[in-house]
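Close look at the chain arrangement
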Amino acid sequence: MKKPKRRLLIALGVVGALVLAGVFVLRTPSPVGHWNSASGYEDYLAKYGRSMQDMPKPAATLDVRTDYGLVRVYRFAGAQQKFHPLVLLPGTMSGTPVWADNMPSLLKLGDVYALDLLGEPGMSIQNRPITSAEDKAAWLDQMLAALPEQKFNVLGLSIGGWTATNLAVRRPDRIATLSLVEPALTFGSIPAETAVRALPASVKWLPRSWRDSFSSYTAGGAPVEHVPVAEMIESAMKNYTIRQPQPGQMTEEQLAGLKMPVLAIIAGKSVMHDPVKAREVAERALKNKTVKFYPEASHAINGEYPDQLAGDLQAFLTIHGRTS
C-alpha cells in the first residue's frame, strides 16, 4: 500500500463521519450505543487492530471512567514540552487510527492524547444514555479532569470539531486553545446533496458499495477499497448503532462567545458545508481566531495535507499554546 493513497483515506472516519445526515436522522436518543452482534464486534476489533498498526506505539493506554462510560485514551510521548498536550477528537464512525498520517508531525510538537469518542464505535464503552449537548460536554470534561495536566490544546476533526466546540461553549476551563479541522455543523449546515447521499450509506443492510461510494464522495473521489482504515470505518458503519441526539448547528452567538484562541481550517472542496460561507462565518463570528483555507483540499484534509496542517498548527500554538 502506497502512503500517498493511504493519506487520502486515513480521514475517512472523518468522512464516514458524515454519515451524519443519515445515521443521525435514523436513530433515537436512547438507550446507549451498541454493537449489533458478537460477530460484527469481532470483525471491527480485527480491523481496528490492523489500523492501529499504522500508529506509533502509545506510551500508555488508559480507560478513563466518566459518568457516561469508559473513554479509551492513548497517550503518545512527544519530542518536546513547550506546548500544552494535544487532545485529538476524531470524526464519527472513526476512532484513534484516523490520525496515523498526522502523528509523526504532531509528535514533534509535544505529547498527544488521542481518544475514541464515547457512544461511537471504538474502544470506548458507553453505559449511560447521552441525551443532550450538555451530556456530550460533561463526559469529555470529566475525561480531561482525570488526566494529570491542567490545560490542553484541543484539536477536533469533522464531528470531533463540533465536539470540541461544544466543550468550549459549555465547559471551557481546561482548554488552552481550540483547533477545528473541517468541523461539522460548526460554521455551516450540511448541504442537501450530502444529506441525500448519506441516507443510503446509513442503512446497514444495503451492500457495502453504498457506504464506500459515500466515503469516496466525501473524500474528493478517492478510492476506498483495501485500505485498513477504510475497512475499519466500513465495519463500524455496518456493525455499530449510535444512540445519541444529533448535534445541533452551532450559532454565531456561541462562536462569538469563545474566549480561547481558535484555529479554523476549512477545505475548499468540502462537501460538509459551503466552504466559502463557512470561511466567512469563521472570520465573522470568532473573535480570537486564525482562519486557514485550503482551496484544493476535500473533507479528508487531514490525510491529504498532514504536513501543512501540522505547520499551521505549530505556528498557532507557538503564539497561543505554550505552557508558559
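Keep in mind it's a predicted model, so treat the numbers as computed, not measured.

Definitions and limits used
Residues numbered from 1 in each chain as written. Predicted model: local features only at pLDDT ≥ 70, side-chain atom pairs only at ≥ 80, totals over all residues. Heavy atoms only, no water. Buried < 20%, exposed > 50% of the residue type's maximum accessible area, 1.4 Å probe, protein only. Helix = DSSP H or I, 4+ residues; strand = E, 2+ residues; numbered from the N terminus. Pairing = 2+ DSSP bridges. Core = buried A, V, L, I, M, F, W, Y, C linked by side-chain atoms within 4.5 Å. Contact = heavy atoms within 4.5 Å. pLDDT = per-residue confidence, 0-100. Salt bridge = Lys/Arg side-chain N within 4 Å of Asp/Glu carboxyl O. Phe/Tyr/Trp six-rings, centres within 6.5 Å; stacked < 30°, edge-to-face > 60°. Lys NZ or Arg CZ within 6 Å of the ring centre and 35° of its normal. Axes fitted to C-alpha atoms, helices over the stretch in contact; angles between N-to-C directions. Parallel < 35°, antiparallel > 145°, perpendicular 65-115°, else oblique. Nonpolar A, V, L, I, M, F, W, Y, C, P; charged D, E, K, R; others polar. Polar contact = N/O pair within 3.5 Å; in protein donor to acceptor, adjacent residues only side chain to side chain.

Examining the pairing of strand β5 (residues 112-115)
Along any regular strand the residues' side chains alternate between the sheet's two faces. Of the two faces of β5, the one lined by V112 and A114 and the one lined by Y113 and L115 are each fully buried. The pairing of strand β3 (residues 69-76) with β5 spans four bridges and is antiparallel. Within β5, the residue paired with F76 across the bridge is V112. As paired elements, strand β4 (residues 86-89) and β5 share three bridges and run parallel to each other. Looking across to β5, one finds that V87 is bridged to Y113.

Quick word on the nonpolar core
In terms of nonpolar packing, the biggest core is built from 45 residues, with L115, W139, M143, L178 and F187 touching the most fellow members. What F187 contacts, discounting residues up to four positions off in sequence, is L180, Q249, L255, A264, I266, K277, A278, V281, A282 and L286. Of all hydrophobic cores here, the second largest spans 40 residues; its members include L107, V112, Y240 and I301.

Details of the confidence of the model for the protein
Any region with low pLDDT has predicted coordinates that should not be read closely. Of the residues in the protein, 81% reach a pLDDT of 70 or more, and the chain-wide mean stands at 87. Here residues 1-30 scores under 50 on pLDDT; set against residues more than four positions off or in separate chains, the count is 115 contacts.

Structural notes on the pairing of β3
Of all eight residues that make up β3, six are buried, and the element is covered over most of its length. Bridging between strand β2 (residues 60-66) and β3 involves seven bridges; their strand directions are antiparallel. Looking at β3, one finds that V64 is bridged to V71. Following β2, the chain reverses through two residues before pairing antiparallel with β3. In this structure, β3 lies alongside strand β6 (residues 125-126), joined through two bridges in antiparallel fashion. Its bridge partner being in β6, L70 is matched across the sheet by I125.

Structural notes on unusual backbone geometry
One non-glycine residue, M93, lies in the positive phi region at around 60 degrees. You can see M93 is positioned in the loop between β4 and α5 (103-107). Taking the relative accessible area as the measure of exposure, M93 reaches 2% and is therefore buried. Notably, E182 is not glycine yet its phi reads approximately 50 degrees, a positive angle.

Topic: the pattern of salt bridges
All chains considered together, the criterion is met by nine salt bridges. One salt bridge connects K269 with E296, and the closest N-O pair in it is separated by 2.8 Å. With K269 in the loop between β10 (262-267) and α12 (275-285) and E296 in the loop between β11 (289-294) and α13 (301-304), this residue pair connects regions lying 27 residues apart in the sequence. According to the relative accessible area criterion, K269 is partly exposed, its value standing at 48%.

A word on the packing of aromatic side chains
Here the structure, examined in full by the defined rule, presents six aromatic pairs. A ring pair is formed by W35 and Y240, whose centres lie 4.8 Å apart and whose planes are at 75 degrees; its orientation type is edge-to-face. Placement of W35 in strand β1 (residues 34-35) and of Y240 in strand β9 (residues 240-241) is noted, with a sequence separation of 205 residues between them. On the basis of relative accessible area, Y240 is assigned to the buried category, the value being 4%. Taken together, the ring pairs connect W35, Y41, Y44, Y48 and Y240 into an aromatic cluster. Above the face of the Y68 ring, R128 is positioned so that its terminal group lies 4.7 Å from the ring centre.

Here's the deal with the packing of helix α6 (residues 133-145) against helix α7 (residues 159-170)
Axis separation between α6 and α7 bottoms out at 9 Å; the angle between their running directions is 85 degrees. Of the possible angle classes, the one that applies to α6 and α7 is roughly perpendicular. On α7, the residues touching A133, E134, K136, A137, L140, D141 and L144 of α6 are W162, T163, N166, L167 and R170. Of the residues in the contact of α6 with α7, the class split is six nonpolar, two polar and four charged.

Thoughts on the side chain of H299
Relative to the assigned elements, H299 resides in the loop between β11 and α13. A polar side-chain atom of H299 sits 3.0 Å from a polar atom in the side chain of S158.

Remarks on the environment of D63
Among the secondary structure elements, D63 is positioned in strand β2. Put simply, D63 and M123 are 60 residues apart on the chain and 8.8 Å apart in space, counted from C-alpha to C-alpha. Not counting residues up to four positions away in its chain, the partners in contact with D63 are L70, V71 and R72. Within the structure, D63 has its side chain in polar contact with the side chain of R72 (distance 2.7 Å).

Quick notes on the environment of I265
Position of I265 among the secondary structure elements: in strand β10. On the basis of relative accessible area, I265 is assigned to the buried category, the value being 1%. When the C-alpha positions of I265 and R279 are compared, they lie 8.7 Å apart, and in sequence the two are 14 residues distant. When near neighbours in sequence (up to four residues on either side) are disregarded, I265 contacts L180, V181, E182, P183, K292, Y294, I301 and L309.

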